[in-house]
Amino acid sequence: AWIRGRRFYDTFDGYPAFGARLCAIALAHGIETEFVRSLIEVRDIAPPPGAPESWPWPIRIEALGGFTVFRRGEPLAFEGKAQKKPIELLQMLAALAGRRVANETLRTLLLPDADPDAAPGALDVLVSRARKLLGDPRALHVEEGRIGFDAARVWLDVWAFDRDVEALQKVLRAPDEASDVDALAKRIVARYRGPFLGNAEPTRWSLPARDRLQNRLRRSLADAGRHHEGRGDPARAAVLYERVLEEDSLAEELYRQ
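Caption draft 1: Up close: the packing of helix α7 (residues 157-172) against helix α9 (residues 206-230). Across the interface, α7 lies against α9 with an axial gap of 10 Å and an inter-helix angle of 30°. Classified by the angle between their axes, α7 and α9 sit roughly parallel to one another. At the point where α7 passes α9, the crossing takes the left-handed sense. For the pair α7 and α9, contact is made by V158, F161, D162, V165, E166, L168, Q169 and L172 and by R212, L213, R216, L217, R219, S220, D223, A224 and H227, respectively.

Caption draft 2: Quick peek at the pairing of strand β6 (residues 146-149). Bridge count for strand β4 (residues 101-102) against β6 is 2 bridges, and the pairing is antiparallel. By the bridge assignment for β6, A102 is matched with R146. Where strand β5 (residues 140-143) and β6 come together, 4 bridges link them in antiparallel fashion. Following the sheet pairing, H141 is matched in β6 by G148. If you look at the hairpin formed by β5 and β6, you'll find 2 residues sitting between the two strands, and E144 has a positive phi there, around 50°.

Caption draft 3: Looking closely at α9. When the terminal C-alpha atoms of α9 are compared, their 36 Å separation across 25 residues agrees well with the 36 Å that a helix rising 1.5 Å per residue should span. After α9 finishes, the residue G232 shows a positive phi value of roughly 75°.

Caption draft 4: Spatial organisation of the packing of aromatic side chains. One pass over the structure, following the stated rule, counts 5 aromatic pairs. Between W2 and F8 the ring centres are 5.6 Å apart and the planes differ by 75°, which places this aromatic pair in the edge-to-face class. Residue F8 is classed as partly exposed on the basis of its relative accessible area, which comes to 38%. On the basis of an interplanar angle of 65° and a centroid distance of 5.6 Å, the ring pair of Y9 and F35 is categorised as edge-to-face. Note that Y9 is positioned in the loop between α1 (2-6) and α2 (16-28) and F35 in helix α3 (residues 33-43), a separation of 26 residues in sequence. We classify F35 as buried; its relative accessible area is 11%. One cation-aromatic arrangement involves R60 over W155; the distance from NZ or CZ to the ring centre is 4.0 Å.

Caption draft 5: Local environment of the pattern of salt bridges. Summed over the entire model, instances satisfying the criterion amount to 26 salt bridges. Residues R100 and E144 are paired through a salt bridge, measuring 3.8 Å at the closest nitrogen-oxygen approach. Of the two residues, R100 is situated in the loop between α4 (84-95) and β4 and E144 in the loop between β5 and β6; the sequence distance between them amounts to 44 residues. Relative accessible area serves as the criterion here: at 44%, R100 is assigned to the partly exposed category. Of the residues examined, E144 reaches a relative accessible area of 65% and is grouped as exposed. It is possible to trace a salt-bridge network through shared partners that takes in E53, R60, D164, R187 and R191.

Caption draft 6: A look at the packing of helix α8 (residues 181-191) against α9. Relative to each other, α8 and α9 sit at 155°, their axes nearing to 10 Å. Relative to α9, the element α8 lies roughly antiparallel. When you trace α8 past α9, the crossing you get is left-handed. Across the interface between the two elements, V181, D182, A185, I188 and V189 from α8 touch L217, S220, L221, A224, H227 and H228 from α9. In the contact of α8 with α9, the residues fall into 7 nonpolar, 3 polar and 1 charged.

The rules behind the values
- Along each chain, the written sequence defines residue order, and numbers are assigned to residues from 1.
- Where totals are concerned, whole chains, interfaces and linings use all residues; where local detail is concerned, this predicted model gives features only for residues with pLDDT of at least 70, and gives and counts side-chain atom pairs only at 80 or more.
- Only hydrogens and water are removed before side-chain values are computed, so all heavy atoms of the structure are retained for them.
- Between the N-to-C directions of two axes lies an angle of 0 to 180 degrees, each axis being a line fitted to C-alpha atoms and, for a helix, fitted only over the stretch in contact.
- Helix and strand definitions follow DSSP, with helices as H or I runs of at least four residues and strands as E runs of at least two, each counted in order from the N terminus.
- By the definition adopted for this analysis, an angle is roughly parallel if under 35 degrees, roughly antiparallel if over 145, roughly perpendicular if from 65 to 115, and oblique otherwise.
- Should the near helix be turned anticlockwise from the far one by less than a right angle, the crossing is termed left-handed; should it be turned clockwise, right-handed.
- Contacts were defined at the residue level, with two residues in contact if any of their heavy atoms lie within 4.5 Å.
- A pair of strands is labelled paired if DSSP reports no fewer than 2 bridges between them.
- A helix is expected to span 1.5 Å for every residue after the first.
- Side-chain rings of Phe, Tyr and Trp (the six-membered ring for Trp) are treated as a pair once their centres are within 6.5 Å; stacked means planes under 30 degrees apart, edge-to-face means over 60, and tilted covers the remaining angles.
- Classification of residues uses two cut-offs on accessible area relative to the type maximum, computed with a 1.4 Å probe and protein chains only: under 20% is buried, over 50% is exposed, and between them is partly exposed.
- Two limits define a charge over a ring: the Lys NZ or Arg CZ must be within 6 Å of the ring centre, and within 35 degrees of the ring normal.
- We define a salt bridge as a contact between a side-chain nitrogen of Lys or Arg and a carboxyl oxygen of Asp or Glu at a distance within 4 Å.
- Amino acid classes used here: Ala, Val, Leu, Ile, Met, Phe, Trp, Tyr, Cys and Pro are nonpolar; Asp, Glu, Lys and Arg are charged; the rest, including Gly, are polar.

See below:
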């Protein structure tokens, strides 16, 4: 509040790591939220590890249950055939973990019929078009023959889903922290709005991602359900098992449980 009152937007310029951490704590606890978000945007502060979801990433991408790109909170409208390949590049990056994907892998999947000599240049053009589409040239990081989303500029729901799954498994291995199991399971259910890319026709690069994420959902909720059963709470376990059965109606073991 003191910084806001004096409009000292450059307070943390000499201490960027400290400033980023303080902003993350403030957002996590709802302190001076509006000012903190504006401070982050004005000073272009990069998020620290573990930044809360309320951090104002310039680009947010949701690939679970469909595909939507938000720029400064506003969804982008994709129109025309000219945008098809750049969008496919973004979707492919999301499918392949989003970080440091080899150029050769992207060329093989995106441009299978391209002349080998022309393919590198064609991929460069697609990257340029994707950056223009996002409206942020730094959102895609290109280095040493690899391409990925810049985690300081882009929030991806697939990353957040994977973090929640890993957090749940960690808690399940630590019984003294069992009170977090239900909250994490609910967050995973809320995060998983549907299969990867929703109802889009599966491709050879999107299908493995779809299967991986579905399997992570099933395993996470089944493990959480068994945890609740072991603690004498079958009703809570049943709710999770029913959610798994929505994804896999042939899971006979969970029907029995």
